[in-house]
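What follows is the residue order along each chain.
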Amino acid sequence: FPVTIRVINSARPIRQTAQLKKKVRVAIDCGHGDKDPGFVVHGVKEKDINLSVGLKTARLLEQNGYDVFLTRDGDEFLRLDARTTQTNRELDIDLFVSIHTNASKHKNVSGIETFCMHPTLLKHEFGVVNKQLGKAIKKHQHDLCDQSKKLAHAIQKNVLTAAKSHKMLIVTGN
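Residues numbered from 1 in each chain as written. Predicted model: local features only at pLDDT ≥ 70, side-chain atom pairs only at ≥ 80, totals over all residues. Heavy atoms only, no water.

*Asks:* Just checking my understanding: could you explain the overall build of the protein for this structure?
*Replies:* A count of helical and extended segments in the protein gives five helices and five strands. Helices (α) and strands (β) of the protein occur, in sequence order from the N terminus, as α-β-β-β-α-β-α-β-α-α. Relative to its full complement of 174 residues, the protein shows a buried share of 24%. In the protein, once contacts between residues fewer than 6 apart in sequence are set aside, the share between residues at least 24 apart is 69%. Counting only carbon and sulfur atoms, one obtains 55% of the accessible surface of the protein, whose full area is about 12,700 Å². (Helix = DSSP H or I, 4+ residues; strand = E, 2+ residues; numbered from the N terminus. Buried < 20%, exposed > 50% of the residue type's maximum accessible area, 1.4 Å probe, protein only. Contact = heavy atoms within 4.5 Å. Areas by Shrake-Rupley, 256 points an atom, 1.4 Å probe, with all protein chains shown as cover.)

Structure (structure tokens):
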């Protein structure tokens, strides 16, 4: 089903980026692939769902003026570290989205998960080289993490709204 993602009150940083560059670049990681199928239920493989959702998302983003980079566009296996290395090699990636569809053995469990970048996951080697530069980079990284959190909240909210409108059972928690 189509999902519209609107970022309210937090789109300013993305718009600023768009004004400095021709297009905002989005990396889409379609989780799993090839020998790593993810969950398999009644013959349906997570890797196939992830790829289908990723390709459709890429097409929608491209139609709306975004430059899209896919970590995979077919049934291929990439190690997790290869996915991030591949993406980090690409210049000027503004957003990284990894798509997964999880399953549970418990029939009463359903819902969605949206994760975002956190400052503790970032490296801080620059502070050793130059204290002032290190402080500036750390502040920039925290700003990026704040933007990531706002985007994750917007995605979570809009996916939940779309799922509810399609009468899907959603269990949420804070």
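Once you've had a look at it, read on.
*Asks:* Quick question: what am I supposed to make of the environment of Q156 here?
*Replies:* Topologically, Q156 is positioned in helix 5 (residues 131-165). As a C-alpha pair, Q156 and E113 span 43 residues in sequence and 7.4 Å in three-dimensional space. Those residues within four positions of Q156 in sequence are excluded, and the remaining contacts are I112, E113 and T114. Among the polar contacts made by the side chain of Q156, one reaches the side chain of T114 at a distance of 2.4 Å. (Polar contact = N/O pair within 3.5 Å; in protein donor to acceptor, adjacent residues only side chain to side chain.)

*Asks:* Is there a simple way to explain the packing of aromatic side chains in this structure?
*Replies:* How two aromatic rings sit relative to each other is given by the distance of their centres and the angle of their planes. Summed over all chains, the structure comprises zero aromatic pairs. The side chain of K35 reaches across the aromatic face of F77, ending 4.7 Å from its centre. (Phe/Tyr/Trp six-rings, centres within 6.5 Å; stacked < 30°, edge-to-face > 60°. Lys NZ or Arg CZ within 6 Å of the ring centre and 35° of its normal.)

*Asks:* Would you mind showing me how to read the sheet that holds strand 5 (residues 95-99) here?
*Replies:* Hydrogen bonds along the backbone pair up the strands of a sheet, which may run parallel or antiparallel. Taken in spatial order, the three strands of this open sheet run 4-1-5, and their pairing is parallel. Each having just a single partner strand, strand 4 (67-70) and strand 5 make up the two edges of the open sheet. The mean angle between the axes of side-by-side strands here comes to 25 degrees, regardless of whether they run parallel or antiparallel. Pairing of strand 1 (residues 25-30) with strand 4, which is carried by four bridges, proceeds in the parallel orientation. Counterpart to A27 in the pairing with strand 4 is F69. Across the sheet, helix 2 (residues 46-63) lies against strand 1, strand 4 and strand 5, angled at about 165 degrees from strand 1, the strand it touches most. (Pairing = 2+ DSSP bridges. Axes fitted to C-alpha atoms, helices over the stretch in contact; angles between N-to-C directions.)

*Asks:* Help me understand the nonpolar core in this model?
*Replies:* Taken as a class, soluble globular proteins show a tendency for nonpolar side chains to be buried jointly. Grouped together as the largest cluster of nonpolar side chains are eight residues: V24, V26, I28, C30, L51, A58, V68 and I99. Elements supplying a minimum of two residues to this core: strand 1 and helix 2. If you tally residues by element for this core, the top one is strand 1, at three residues. Ignoring sequence-local partners within four residues, the contact set of I28 consists of G54, T57, A58, L61, V68, F69, L70, T71, V97 and I99. (Core = buried A, V, L, I, M, F, W, Y, C linked by side-chain atoms within 4.5 Å.)

*Asks:* Sorry if this is basic, but what is going on with the environment of A27 here?
*Replies:* Looking at where A27 falls in the secondary structure, it is placed in strand 1. According to the relative accessible area criterion, A27 is buried, its value standing at 0%. Residues A27 and N88, 61 residues apart in the sequence, show an inter-C-alpha distance of 9.7 Å. In this structure A27 touches F69, T87, I93, L95, F96 and V97, once residues within four positions along its chain are discounted.

*Asks:* Could you clarify how one ought to interpret the pattern of salt bridges in this entry?
*Replies:* Pairing is possible between side chains of opposite charge, provided their charged atoms come close. Tallied over the entire structure, the rule returns five salt bridges. With a shortest N-O distance of 3.1 Å, D143 and K139 are connected by a salt bridge. Here D143 and its partner K139 are both found in helix 5, four residues apart, which amounts to about one turn of the helix. Judged by its relative accessible area of 30%, D143 is partly exposed. For K139, a relative accessible area of 51% puts it in the exposed group. (Salt bridge = Lys/Arg side-chain N within 4 Å of Asp/Glu carboxyl O.)

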